[in-house]
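# A closer look at the structure
Below, each chain spelled out in residue letters.
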Amino acid sequence: MTGQVRTVDGRVAGRRGQATRQKLLDCLGEMLRTSPYRDVKVIDVARKAGTSPATFYQYFPDVEGAVLEIAQQLAAEGAGLTDLVAGRSWAGKSGWQTAQELVDGFLDFWRRNDAILRVIDLGAAEGDKRFARIRMRILNSIFNSLVESVKDLQARGRVDRDVSAPAVAGSLVTMLAAVASHQKNLQGWGVKQAEIKPNLALLVHLGVTGRKPPK
């Protein structure tokens, strides 16, 4: 949106400048799908975008700065993951449907954004607080909603009050993220792709409700 994007030196980018900036980000995102993050060079991104390194440096200090911008955009998109849980029923067959749709939506989000999520995970694992904060923003959208779901079930007497809602939610979110980022490893252990979603949904349903889903 015009007037809300600035160059590195603080100038407001016009419509054309914003389009160029976004094209650089899009090209970088494509390159991250096939190249290790640290192997991507400014000159390669600029060439793919049909512009020059000098133009790249008008908008980003370096490749890492551009990667962080992509990650920030993803975090904003990831806020919508809360809709997979917030306000949904966990009772009876509706609860089983909620668990299935949560798993399906989460794995789909991860699959579509796998390249940048790998970079975010790497940065967070290496102790970069910028990437760690972005990772938490993405996962908080699910975590907070799951906490509220467990607390609601406790208030209704359907889940033991001794259960820690944050601990359950945190464990489930960690499990979802781990499975989403290691699906190929699971297949290497003989797990069929078609088996992952229903069994993951079963674990989510058990974790939230403490019960097996109805048949």
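Heads up: these notes are all about the structure in this document.

About the cut-offs
The numbers attached to residues start from 1 for each chain and follow its sequence in the written order. Given that the model is predicted, a residue must reach a pLDDT of at least 70 before its local features are reported, and side-chain atom pairs must reach 80 or more before they are shown or counted; all residues, however, enter totals for whole chains, interfaces and linings. The basis for every side-chain value is the complete set of heavy atoms in the structure, and neither hydrogens nor water enter the calculation. Starting at the N terminus, helices and strands are each numbered in turn, a helix being any DSSP run of H or I of at least four residues and a strand any DSSP run of E of at least two. In this scheme, a residue with accessible area under 20% of its type's maximum is buried, one over 50% is exposed, and one in between is partly exposed, where area comes from a 1.4 Å probe on protein chains only. Only heavy atoms matter for contacts: two residues are in contact if any of them lie within 4.5 Å across the pair. Only four residue types enter the charge count, namely Lys and Arg as positive and Asp and Glu as negative; His and the chain termini do not. For charged residues, the charge sits on one atom: NZ in Lys, CZ in Arg, CG in Asp, CD in Glu. For a helix, the expected span equals 1.5 Å multiplied by the number of residues minus one. Bending is quantified residue by residue as the angle between axes fitted to the seven-residue window ending at that residue and the seven-residue window starting at it. Counted as salt bridges are all cases of a side-chain nitrogen of Lys or Arg within 4 Å of a carboxyl oxygen of Asp or Glu. The axes used here are C-alpha line fits, helices contributing only the stretch in contact, and every angle between their N-to-C directions lies in the interval 0 to 180 degrees. Angular relationships are summarised with four words: roughly parallel below 35 degrees, roughly antiparallel beyond 145, roughly perpendicular across 65 to 115, and oblique for the angles in between. Two helices cross in a left-handed way if the nearer one is turned anticlockwise from the farther one by less than a right angle. They cross in a right-handed way if the turn is clockwise. Each residue is assigned to one of three groups, with Ala, Val, Leu, Ile, Met, Phe, Trp, Tyr, Cys and Pro labelled nonpolar, Asp, Glu, Lys and Arg labelled charged, and all others, Gly among them, labelled polar. Any two of the Phe, Tyr and Trp rings considered here, Trp counted by its six-membered ring, make a pair once their centres fall within 6.5 Å; the pair's planes then place it as stacked at under 30 degrees, edge-to-face at over 60, or tilted in between.

Helix and strand counts for the protein chain come out as ten helices and zero strands. Taking the principal axes of the C-alpha coordinates as reference, the protein chain spans close to 60 × 40 × 30 Å. Put simply, the protein chain has 215 residues, and 41% of those count as buried. Summarising the internal contacts of the protein chain: among those between residues at least 6 apart in sequence, 63% fall at separations of at least 24. In the protein chain, the 31 positive side-chain charges and the 22 negative ones have mean positions that sit 3 Å from each other.

This part covers helix 7 (residues 129-155). Taking 1.5 Å per residue, 27 residues should reach 39 Å; helix 7 reaches 36 Å between its end C-alpha atoms and fits that length. Most pronounced at Asn-140, the bend in helix 7 amounts to some 40°. Directly beyond the C-terminal end of helix 7, a positive phi value near 80° is found at Gly-157.

What follows is about the environment of Ala-165. Along the polypeptide, Ala-165 turns up in helix 8 (residues 165-181). Classification of Ala-165 by relative accessible area gives buried; the value is 3%. Residues Ala-165 and Lys-151 lie 14 residues apart in sequence; the distance between their C-alpha atoms is 6.2 Å. Once residues lying within four places of it in the same chain are set aside, the contact partners of Ala-165 are Val-147, Val-150, Lys-151 and Gln-154.

On to the pattern of salt bridges, then. One pass over the structure, following the stated rule, counts 14 salt bridges. Here Asp-128 and Arg-130 are joined by a salt bridge, their closest N and O atoms 2.8 Å apart. Overlapping salt bridges, with partners in common, bring together Glu-77, Asp-108, Arg-111 and Arg-112 in one network.

In this section: the packing of helix 6 (residues 114-125) against helix 7. One can describe the packing of helix 6 onto helix 7 by two numbers: an axis separation of 7 Å at closest approach and a directional angle of 125°. In terms of orientation, helix 6 and helix 7 fall into the oblique class. Crossing angle aside, the handedness with which helix 6 passes helix 7 is left-handed. Residues Leu-117, Val-119, Ile-120, Asp-121, Gly-123 and Ala-124 of helix 6 pack against Phe-131, Ala-132, Ile-134, Arg-135 and Ile-138 of helix 7. Looking at the contact of helix 6 with helix 7 residue by residue, the classes come out as eight nonpolar, one polar and two charged.

For the rest of this paragraph, the subject is helix 4 (residues 63-78). With 16 residues, helix 4 should reach 22 Å at 1.5 Å per residue; the first-to-last C-alpha distance of 22 Å fits that figure. Among all positions of helix 4, only Val-63, Gly-65, Ala-66, Val-67, Leu-68, Ile-70, Ala-71, Leu-74, Ala-75 and Gly-78 are buried. Those residues of helix 4 hidden inside the fold are in contact with helix 1 (15-32), helix 2 (42-49), helix 3 (53-59), helix 5 (92-112), helix 6 and helix 7.

In this section: the packing of aromatic side chains. The way to describe two aromatic rings as a pair is by their centre distance and the angle between their planes. Taken as a whole and assessed by the stated rule, the structure comprises three aromatic pairs. Aromatic side chains Phe-56 and Phe-60 sit 5.3 Å apart centroid to centroid with 50° between the ring planes, which places their arrangement in the tilted category. One exposure class covers both Phe-56 and Phe-60, and it is buried.

Here we come to the packing of helix 5 against helix 7. Here helix 5 crosses helix 7 at 170°, and the two axes come no closer than 12 Å. Classified by the angle between their axes, helix 5 and helix 7 sit roughly antiparallel to one another. Residues Leu-102, Phe-106, Phe-109 and Trp-110 of helix 5 form the contact with helix 7, whose participating residues are Ile-138, Leu-139, Ile-142 and Leu-146. Its residues assigned to classes, the contact of helix 5 with helix 7 shows eight nonpolar, no polar and no charged.

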